[in-house]
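Structural characterization, general
Chain residues, written in single-letter form:
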Amino acid sequence: MMFNQSAVRVRAGEKTDRGGNTIPDWSAPNRLAVTGLNIQPNSQAEAGNEQRDAVITGYRVQSDEGSAPDIKAADRIQWNGQTFEVDGEVATWPDLFTDTPHHIEFVMVRATG
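Report follows, based on the coordinates. (Residues numbered from 1 in each chain as written. Predicted model: local features only at pLDDT ≥ 70, side-chain atom pairs only at ≥ 80, totals over all residues. Heavy atoms only, no water.)

**Topic: the side chain of Asp-75**
What counts here: Every helix listed is a DSSP run of H or I at least four residues long, and every strand listed is a run of E at least two residues long, numbered separately from the N terminus. Under the rule applied, a polar contact is a pair of N or O atoms within 3.5 Å (in protein, one hydrogen donor and one hydrogen acceptor; residues adjacent in sequence only if both atoms are side-chain atoms). Note on definitions: a residue-residue contact is assigned when non-hydrogen atoms from the two residues lie within 4.5 Å.
Within the element layout of this structure, Asp-75 appears in the loop between β3 (53–63) and β4 (76–79). Within the structure, Asp-75 has its side chain in polar contact with the side chain of Arg-11 (distance 2.9 Å). Excluding anything up to four places from it in sequence, Asp-75 contacts Arg-9, Val-10, Arg-11, Asp-70, Glu-85 and Val-86.

**Re the pairing of strand β5 (residues 82–94)**
Threshold: By the convention used here, strands pair only if DSSP detects at least 2 bridges between them.
Bridge count for β4 against β5 is four bridges, and the pairing is antiparallel. Its bridge partner being in β5, Gln-78 is matched across the sheet by Thr-83. Between β4 and β5, which follow one another and run antiparallel, lie two residues, and Asn-80 among them has a positive phi close to 55°. Where β5 meets strand β6 (residues 101–112), seven bridges bridge the pair, whose relative direction is antiparallel. The residue of β6 that forms the bridge with Thr-92 is Ile-104.

**Examining the sheet that holds β5**
The cut-off we apply is this: Helix axes use the C-alpha atoms of the stretch in contact, all axes being lines fitted to C-alpha atoms, and the angles between their N-to-C directions lie in the range 0 to 180 degrees.
An order of β1-β2-β3-β6-β5-β4 is seen for the six strands of this closed barrel, with the pairing classed as antiparallel. Geometrically, the sheet is characterised by an average inter-axis angle of 45° between neighbouring strands, direction not taken into account. Note that β3 and β6 share eight bridges and pair antiparallel. Counted as the bridge partner of Gly-58 is Val-109 from β6.

**So, the pattern of salt bridges**
Using the following cut-off: Each reported salt bridge corresponds to a side-chain nitrogen of Lys or Arg within 4 Å of a carboxyl oxygen of Asp or Glu. Buried, partly exposed and exposed residues are distinguished by accessible area as a fraction of the type maximum, computed with a 1.4 Å probe on protein chains only: under 20%, between the cut-offs, and over 50%, respectively.
Across all of its chains, the model carries six salt bridges by this definition. In this structure, Arg-9 and Asp-70 form a salt bridge, with 3.6 Å as the shortest nitrogen-oxygen distance. In this pair, Arg-9 is assigned in strand β1 (residues 5–16) and Asp-70 in the loop between β3 and β4, connecting sequence segments 61 residues apart. For Arg-9, a relative accessible area of 4% corresponds to the buried category. For Asp-70, a relative accessible area of 35% corresponds to the partly exposed category. The partner of Asp-75 in a salt bridge is Arg-9, with the nearest N and O atoms 3.9 Å apart. Taken together, the residues span a long stretch of sequence, with Asp-75 in the loop between β3 and β4 and Arg-9 in strand β1 at a distance of 66 residues. The exposure class assigned to Asp-75 is buried, which follows from its relative accessible area of 3%.

In C-alpha cells form, the structure reads like this:
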C-alpha cells in the first residue's frame, strides 16, 4: 500500500461547565499533522426527507507500518479541505513478534446536505 497521504487530527480542548464538569471545548482545539496515511473510499449513502437531503461519505484510514498516530474516537480529521468525524473506535493492530503497535485503522465520515 501507499502511505503518502497526510491529514490533521483535531482534538477538542477542555473546559469546565457551570456544574464543575469537564466538557469538550471546540473553540480552542489541539491540532496535530499526521503523515504516512493511506486514505481510501469506504462508503457513500444518501438519505432524505422533506426537510433535508443528506449525503454521508466515509473513508477508511490506515497508518504506515510501525506507526500509531495519536487519534481517538472523539477526534475530528481535516483532510482534502473537509472536516470528518472519526466513526467508532480506532483499532490498533499489534506487531506479531514484538507486541508493539504495527499500525492503526479507523473510519472517518462526513455528512452534508
